[in-house]
Structure formats: C-alpha cells, structure tokens
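Per-entry structural report
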Amino acid sequence: MADMKNYEYHRIEHLAEQMEAAEIEPGIISRIMEGGEDILRKTSPAKKADWMREAMLRMNKLLDFPTRKTVRENCACCLGGKRLKISQAIAKENKSLEDRIKAADKANYVGSVTLQENGQVLAQFDMQKSPPYHCYCLPQAKEPLPVTYCYCCGGHVKHHLQIALGRELDCTVLASALSSGGKKPCTFSFKIKG
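The notes below deal with the structure included here.

Moving on: helix 4 (residues 65-73). An α-helix turns once every 3.6 residues. As a result, residues three or four positions apart point the same way. Listed as buried for helix 4 are Arg68, Lys69, Val71, Arg72 and Glu73. Turning to helix 4, the residues buried within the fold contact helix 1 (10-21), helix 3 (45-62), helix 7 (151-165) and strand 3 (169-175).

This is the structure in structure tokens:
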C-alpha cells in the first residue's frame, strides 16, 4: 500500500488516498506517485504543477478512463461551506429543474449554468471574460496538463449541482484553462442520469 504519511503536500496526499480508496493495485499507485514524497508544502507552485503534470500523464497511461475520472472527481475540494449552503437553498426554494438551473446560474457560485438543447447542463467558469484564462488550482503551471487533472474541479461542480438540481449527474470536462494553456475557459457538461 502507498504510505500516506510520506506525502506532505495535501493535493498529492489526497490523490494517493483516492487511488487507494479505488482499490488500485499498490504497484500502480507507487508508479503514479513516484517523486510525490519530494513535493513539500514549501515547494514552489511551478514544481508542484510539474509533478502533477507527470502524475496525470502516468495515470493516463496506467489507468482506464472511468477509474481515473472517479479518482480525480473524488479529489474535489470545497464541498461544504458557503457553496453547500447555496446549493441547498437552491434545491429548497425552487421546484422545477429549469428554475433550479436558473437559480444556480444567477448565484454564479460554480460559474454560469445553462440547460442545453440536448438536455445536458453546461457549467462554465466565466470569472475571466477573455483569454488568457487561469487555473485557480495550479496558477503557476508553465505547460498544459492533461484534462485528467481537471476532473477534480469537475467533481466540485458536480457535487454542488447535484444538490442544487436534485439530480444525479455524470461529468465530462469539455475544456479547461489548464489543459488548453489558457486558451479556453473551464467548461463542464453534465448528463442528467435517470
């Protein structure tokens, strides 16, 4: 098993924990986590981003898409607090799916939220109105990261929208500031299950 106490930087530790929770073979976890114990809280943000890029490339090579998507979605942060209260209020104060989507969009707490013609829900972080777009999680990344990393933010948005909309959702990352090198905003599509 991966030794969690060897990962000082919380995002790396959380990644290892989520791979272990997904019951990924310990040898594969070790290969993905290679060098993670050398990334400390005080390590420069650029080096943290470099390590994450390499770890995501290893994940892409060693894990199938559903597994890495689940792991990354489960790495989501900021699941409570103010955003949770907003999600719960939207669900309580609005009856129809359309009204809940409009309320989530108006609240702008997970970016713009719209119902698409295909029945899917689109969420876009639109705080920055034009490129270059920035990743709030890894702002010092010098090179694009695989979109695999961005399923963490997808998991964050999914968590809050599932509560607000009262529906189970399946996330697809369509674009991200991080994977596009700042050319595209973070955009998530959610299929409503059931």
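Next, the rest of the story.
Moving on, we come to the sheet that holds strand 3. Here four strands make up an open sheet; going across it, the order is 1-2-4-3 and the pairing antiparallel. On the outer flanks of this sheet lie strand 1 (112-115) and strand 3, each paired with one strand and no other. Neighbour-to-neighbour, the strand axes of the sheet open up by a mean angle of 20 degrees, direction not taken into account. The pairing of strand 3 with strand 4 (residues 187-192) spans six bridges and is classified as antiparallel. Each bridged residue has a counterpart across the sheet, and for Leu169 the counterpart in strand 4 is Ile192. Taken strand by strand, helix 6 (residues 97-107) contacts strand 1, strand 2 (121-124) and strand 4, and its axis lies near 160 degrees from that of strand 1.

Throughout the structure, instances matching the rule amount to zero disulfides. Cys78 carries a free sulfur, and the closest cysteine sulfur to it, the one in Cys77, is 3.7 Å from it. The cysteine Cys171 is free of any disulfide, with Cys153 supplying the nearest cysteine sulfur at 9.8 Å.

Before going further, it helps to examine the side chain of Asn94. Looking at the secondary structure, you find Asn94 in the loop between helix 5 (81-93) and helix 6. For Asn94, a relative accessible area of 17% gives the class buried. Of note is the side chain of Asn94, whose polar atom sits 3.0 Å from the backbone oxygen of Ile90. The contacts of Asn94, once residues within four sequence positions are left out, are Asp99, Arg100 and Ala103.

This structure, assessed with the given rule, holds five salt bridges. Measuring nitrogen to oxygen at the nearest pair gives 2.9 Å for the salt bridge that ties Lys158 to Glu73. Of this pair, Lys158 sits in helix 7 while Glu73 sits in helix 4, placing them 85 residues apart in sequence. Judged on exposure class, the residue Lys158 and its partner Glu73 are both buried. Taking the shortest distance from any N to any O, the salt bridge between Glu168 and Lys193 comes out at 3.4 Å. Taken together, the residues span a long stretch of sequence, with Glu168 in the loop between helix 7 and strand 3 and Lys193 in the segment after strand 4 at a distance of 25 residues. Overall, Lys193 belongs to the partly exposed group, its relative accessible area being 39%.

About the thresholds
- Residues numbered from 1 in each chain as written.
- Predicted model: local features only at pLDDT ≥ 70, side-chain atom pairs only at ≥ 80, totals over all residues.
- Heavy atoms only, no water.
- Buried < 20%, exposed > 50% of the residue type's maximum accessible area, 1.4 Å probe, protein only.
- Helix = DSSP H or I, 4+ residues; strand = E, 2+ residues; numbered from the N terminus.
- Contact = heavy atoms within 4.5 Å.
- Pairing = 2+ DSSP bridges.
- Axes fitted to C-alpha atoms, helices over the stretch in contact; angles between N-to-C directions.
- Disulfide = S-S within 2.5 Å.
- Polar contact = N/O pair within 3.5 Å; in protein donor to acceptor, adjacent residues only side chain to side chain.
- Salt bridge = Lys/Arg side-chain N within 4 Å of Asp/Glu carboxyl O.

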